[in-house]
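# Per-entry structural report
These are the residues of each chain, in order.
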Amino acid sequence: MWIDNIGGGYNEQLLINDGAGGFTDETMARVTGNGGGDDDNGVVCADIDDDGDFDAVVVSLSSPERYLVNDGDGNFSAMAGVFPGPTDCSLWAEFGDLDDDGRLDLVTGQGECGSSDEVYLAGDADPVDAQPPKLIAVEEVSLPVRFDDAPVIRFAVSDRTVTDEGPRLARAYAEIDPDGAPTTVDAVFMGGDLFRVVLPPARGVIVFRVCAEDTNGNTACAADQSYEAGARPN
C-alpha cells in the first residue's frame, strides 16, 4: 500500500502486507530516489514497462509527476525525465489507452494553480500491452448443488492499471465445458476488482472456468473447477 506525503519531508510511504492484513513500513529498504520536499497528491499503480508487475507514478502538486520502476520483487527506483515539466499542480491522475495503440497514456487533473488538465501520450518506444489480466482470487462453488440451483461465483481481477472504477476489461466471463463445446456466460462488475457470474441450472458433473479479457485482446483464465448438480427430484 502506497500513502502519499505521510513520510518525513512529504515522502511517500510504502507499506508491505504480510498476507494476513498486517502492514510494515519498508519505505527505506524498498524505495530509492523518490526525493522529498514535493507536495504530492497520490500514487497510481500501473504496469508502465509491461513486465507483469505494478510500477508507481507519484502525482505531484509542486513538481512533474515521478515514475518509480518496480524490479519485480517490490523494490522501486525513481527514473528521471519520464514526465516533462512545467509544474502543473496535479491533484490526481489515471492511466488508459487514449489513442488505441495498446500503450498506457496518462491524464492528470488540475485544480489549485491551473485549470488545464494535462495529457501525456505514450511514445513508440513504450511497450504495447501484452500482459493478460490476472485472476487474483476465485470463489469455489458452494455445495451441495441441487438440480434447479444456479450457482453464483465471485472472482477478483487485476489488469495493467489500478483505477477508481475497477479493471478496464473488454469482458469477464465463465466458460462451461471449456474443453468440449463451451458455453459462455458473462460476468457482472460488482465494484473494486470483483465480478459475479451466475451459472445456469444443470444436472450431472459440471466443469467450468472463469476468464477475463483486456481491451488489447489479452486473455487469462483461472484453473478449471467442477461440481456435481443433483438429479431432478421425483
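Residues numbered from 1 in each chain as written. Predicted model: local features only at pLDDT ≥ 70, side-chain atom pairs only at ≥ 80, totals over all residues. Heavy atoms only, no water.

The protein chain goes by FG-GAP-like repeat-containing protein in an unreviewed UniProt entry, where it is assigned to Nannocystis pusilla.

A complete count under the given rule lists twelve salt bridges for this structure. In this structure, Asp50 and Arg160 form a salt bridge, with 3.8 Å as the shortest nitrogen-oxygen distance. Residue Asp50 is located in the loop between strand E5 (40-46) and strand E6 (55-60), and its partner Arg160 is located in the loop between strand E13 (152-158) and strand E14 (169-176); the two are separated by 110 residues in the primary sequence. Considered together, Asp50 and Arg160 belong to a single accessibility category, that of buried residues. For Glu94, the salt bridge identified is with Arg168, shortest N-O distance 2.7 Å. On the criterion of sequence distance, the pair formed by Glu94 in strand E9 (residues 90-96) and Arg168 in the loop between E13 and E14 is long-range, its members being 74 residues apart. Residue classification places Glu94 among the buried positions, given a relative accessible area of 17%. Residue Arg168 is classed as partly exposed on the basis of its relative accessible area of 35%. One connected set of salt bridges, linked through shared partners, spans Glu12, Asp40 and Arg66. (Salt bridge = Lys/Arg side-chain N within 4 Å of Asp/Glu carboxyl O. Helix = DSSP H or I, 4+ residues; strand = E, 2+ residues; numbered from the N terminus. Buried < 20%, exposed > 50% of the residue type's maximum accessible area, 1.4 Å probe, protein only.)

A few words now on the sheet that holds strand E4 (residues 31-32). Strand pairing in a sheet takes place through backbone hydrogen bonds and is either antiparallel or parallel in direction. With respect to topology, five strands assemble into an open sheet ordered E4-E8-E7-E6-E5, the strand pairing being mixed. Each end of this open sheet is capped by a strand with a single partner; those strands are E4 and E5. Sheet topology places strand E7 (residues 66-70) next to strand E8 (residues 76-79); four bridges connect them, and they run antiparallel. Paired with Leu68 across the bridge in E8 is Ala78. (Pairing = 2+ DSSP bridges.)

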